[in-house]
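Descriptive analysis of the structure
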Amino acid sequence: MTELRELLIILVSSSIVSNVVLSQFLGLCPFLGVSKKVNTAAGMGTALIFVITLSSTVAGVIYQYILVPNHIEYLQTIVFILVIAALVQFVEMVLKKYMKALYEALGVYLPLITTNCAVLGVALTNVQKEYGIVTGIVNGFATALGFTISIVILAGLREKMAYNDVPESFQGMPIVLLTAGLMAIAFCGFSGLL
Amino acid sequence: MNKAAERLYNGIIKENPTFVLMLGMCPTLAVTTSAINGLGMGLTTAVVLTLSNMIISLLRNVIPDKVRIPAFIVIIASFVTMMQMLLQAYLPFLYDALGIYIPLIVVNCIILGRAESYASKNPVIPSMFDGIGMGLGFSLALTCIGAVRELLGAGDLFGFHVLPTADHPWMIGGSSISFYTPASIFVLAPGAFFVLAFLTALQNRVKRNGEKKGRDMSKIQSGCSHDCLSCGETGCEHRFYDTQGADAPVGKVPAKEQKAAEKNAEAKEKEEQ
């Protein structure tokens, strides 16, 4: 029972309280780049949930069963980045061959994710916080869920903002960053939750 | 020698990775809570950038073209791991302050960007100075942003109390002066977004003014991180990667027609509303 409680706490804290974009600044590029429309933002979020959950599983298994027994934990950065890059390619090929419908929904976003620092960030956080494999998977899922929540909210705001009269210098990226800042203030409010 | 000086000038001023090219935004926002942290992150990145540029330049004729990106990543990751161990051993306070952002230097697009666009095509000495220049430019930018955030958010600068706050007032002739109330939001996460928003707004302004005077301002990205791989802006005229796959570079096609079509669609949407 206590274990379940721990997992729930990780789920809430990684997805909302210490949100991956708004308080840890990981995965900013897709957060700012793919947030013009709610549909594409949701697609990006779903693809990221899929990839991060999978990559934290694989990275966790490799860390616990290969790196730790051989005392080569210091190779984690190199191993994780290669595993993630290979995994994304592999997932893309498998989806293309066997799951056409899923590939058509997520395929466009998969290559964008290889260079996303949130994926590597989750794998490293799992090691740093000494999470086990199951806890690591839950943490990965929760982190990606947090990303999806914030990117969908931002996309909704940007869709509304398209009709606003923005000062000349603030058109484009600056107003999006200001919006993200206000969202970060709102998410600060969750910090008392746990 | 002239070449070296030109590379340094290029990295620090002309193509400053943060202020002009807007590369590597994640560490820029995350670690600039104080000037010291910004400087530490900048210098760590600079060392990794210089060493990886040198090695990649040395190996540029050995690495096959098809596997160059994975090869670059392995070289960069090795140097990052070395820096991480050195920091852990000799500068533990910095290691604790930067935390997970040290291993994340691997995915910093400045380093892979320089490897791809400069070091893999040029001899060792210019590549080394290119790394030093870009690294110093990045350090300078992070230190500036860190200093602004630290000054506004805590009234300090490099850890010294500069502005008179209630906790550390100025004592002049027996009376204490404390007119500054720290806006601690600037040290917290939202402050990072605000500082960057004003920075890009300033870039926008400089770019607009320059274009009015007829200067070439295409270098200034004003908000684009140039990271086309993880960006979904399909109508972008700077785009050089297709969304369908990283292996299909489309070339710099100014998508004017696409833009016009988008504008039409937007106008239609507005009418419908």
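Please read these numbers as outputs of a predicted model, since none were measured by experiment.

1. Remarks on the overall build of chain B
- Scanning chain B from N- to C-terminus turns up nine helices and four strands.
- Counting from the amino terminus, helix and strand elements in chain B follow one another as α-α-α-α-α-α-α-β-β-β-β-α-α.
- Counting only residues that meet the buried cut, chain B has 47% of its 273 residues in that class.
- Residue pairs at least 24 apart in sequence account for 64% of intrachain contacts in chain B once pairs closer than 6 positions are excluded.

2. Notes on unusual backbone geometry
Residues and elements named next belong to chain A.
- A positive phi is found at Phe25, a non-glycine position, where the angle reads about 60°.
- Here Phe25 falls in the buried class, since its relative accessible area comes to 3%.
- Positive phi outside glycine occurs at His71, with the angle close to 55°.
- Tracing the backbone shows His71 in the loop between helix 3 (38-67) and helix 4 (76-98).

3. A few points about helix 1 (residues 2-17) of chain A
- When helix 1 of chain A is considered as a whole, its buried residues turn out to be A:Ile10, A:Ser14, A:Ser15 and A:Val17.
- In the core, the buried residues of helix 1 of chain A are packed alongside helix 8 (133-161) and helix 9 (173-188) of chain A.

4. Some points on the pattern of salt bridges
Residue and element names in this part refer to chain B.
- Summed over all chains, the structure comprises six salt bridges over all chains.
- The partner of Asp130 in a salt bridge is Arg7, with the nearest N and O atoms 2.8 Å apart. Of the two residues, Asp130 sits in helix 7 (residues 124-154) while Arg7 sits in helix 1 (residues 2-14), which places them 123 residues apart along the sequence. Comparing Asp130 with Arg7, the two get one shared label, buried.
- By sharing partners, the salt bridges in this structure join Glu6, Arg7, Glu15, Arg114 and Asp130 into a single network.

5. A closer look at the packing of aromatic side chains
- Across all of its chains, the model carries four aromatic pairs over all chains by this definition.
- Ring centres 5.4 Å apart and planes at 50° place the aromatic pair A:Phe25 and B:Phe193 in the tilted group. In this pair, A:Phe25 is assigned in the loop between helix 1 and helix 2 (28-33) and B:Phe193 in helix 8 (residues 189-212), connecting two distinct chains.

6. What to know about the nonpolar core
- Ranked by size, the top nonpolar core spans 100 residues in total, and within it A:Leu28, A:Phe31 and B:Phe193 carry the most contacts.
- Looking at which element gives the most residues to this core, the answer is helix 3 of chain A, with ten residues.
- Beyond its immediate chain neighbours, meaning those up to four positions away, A:Phe31 contacts A:Val21, A:Leu22, A:Phe147, A:Ser150, A:Ile151, A:Leu154 and A:Ala180.

7. What about empty space enclosed by the protein?
Residues and elements named next belong to chain A.
- Tallied over the full model, the rule gives two cavities of 30 Å³ or more.
- Taken as a whole, the largest cavity spans an internal volume of roughly 100 Å³.
- Around the largest cavity sit 14 residues that line it, and Gly60, Asn126, Val127, Tyr131 and Gly132 are the ones nearest its centre.
- Looking at the lining of the largest cavity, the elements with two or more residues in it are helix 3, helix 7 (117-128) and helix 8.
- With five residues, the top contributor of residues to the lining of the largest cavity is helix 3.

8. Quick look at the environment of A:Val21
- On the secondary structure map, A:Val21 appears in the loop between helix 1 and helix 2.
- According to the relative accessible area criterion, A:Val21 is buried, its value standing at 0%.
- With 97 residues separating them along the chain, A:Val21 and A:Ala118 place their C-alpha atoms 8.5 Å apart.
- Not counting residues up to four positions away in its chain, the partners in contact with A:Val21 are A:Leu26, A:Leu28, A:Phe31, A:Phe147, A:Ser150 and B:Phe193.

9. Focus on a nonpolar patch on the surface
Residues and elements named next belong to chain B.
- On the surface, Ile36, Leu39, Leu43, Leu86, Tyr90, Leu91, Phe93, Leu136, Phe158, Phe160 and Val162 cluster together into a nonpolar patch covering about 1,000 Å² of accessible area.
- When residues in the nonpolar patch are grouped by element, the largest group, three residues, is from helix 3 (residues 35-58).
- Inspection of the secondary structure assignment puts Val162 in the loop between strand 2 (160-161) and strand 3 (170-172).

Rules behind the numbers
Counting restarts for each chain, with residues numbered from 1 along the sequence as it is written. Each chain gets a letter, beginning with A, and each ligand a number, beginning with 1, in the order they are written. The predicted nature of this model means local features are confined to residues of pLDDT at least 70 and side-chain atom pairs, given and counted, to a pLDDT of 80 or more, with totals for whole chains, interfaces and linings taken over all residues. Only heavy atoms go into the side-chain values, all of them from the structure, while hydrogens and water stay out. Helix and strand assignments follow DSSP, with helices taken as H or I runs no shorter than four residues and strands as E runs no shorter than two, numbered in order from the N terminus. Accessibility here uses a 1.4 Å probe with only protein chains present; expressed as a share of the type maximum, an area under 20% marks a residue as buried, one over 50% as exposed, and anything in between as partly exposed. The contact criterion used throughout is that any non-hydrogen atoms of two residues lie within 4.5 Å. Whenever Lys or Arg places a side-chain nitrogen within 4 Å of a carboxyl oxygen from Asp or Glu, that contact is recorded as a salt bridge. For Phe, Tyr and Trp, rings pair up if their centres lie within 6.5 Å, where Trp contributes its six-membered ring, and each pair is then called stacked (planes under 30 degrees apart), edge-to-face (over 60) or tilted (otherwise). Buried Ala, Val, Leu, Ile, Met, Phe, Trp, Tyr and Cys residues form a nonpolar core when they are joined through side-chain atoms within 4.5 Å. Two kinds of site are reported from a 1 Å grid over the protein atoms alone, namely cavities, where a 1.4 Å probe fits but cannot get out, and pockets, open sets with protein on both sides within 12 Å along at least five of seven lines, and residues are called lining when an atom falls within 4 Å of a point. Grid points are joined across faces, edges and corners, and a volume is the space filled by probe spheres set on the points. In this analysis, a patch consists of residues with relative accessible area above 30% that form no salt bridge, clustered at 9 Å for like charges and at 5 Å for the nonpolar side chains Val, Leu, Ile, Met, Phe, Trp and Tyr. In short, Shrake-Rupley with a 1.4 Å probe defines the accessible areas, and a residue's cover is counted only from the protein chains shown.

Nothing here speaks to function; it is all geometry.
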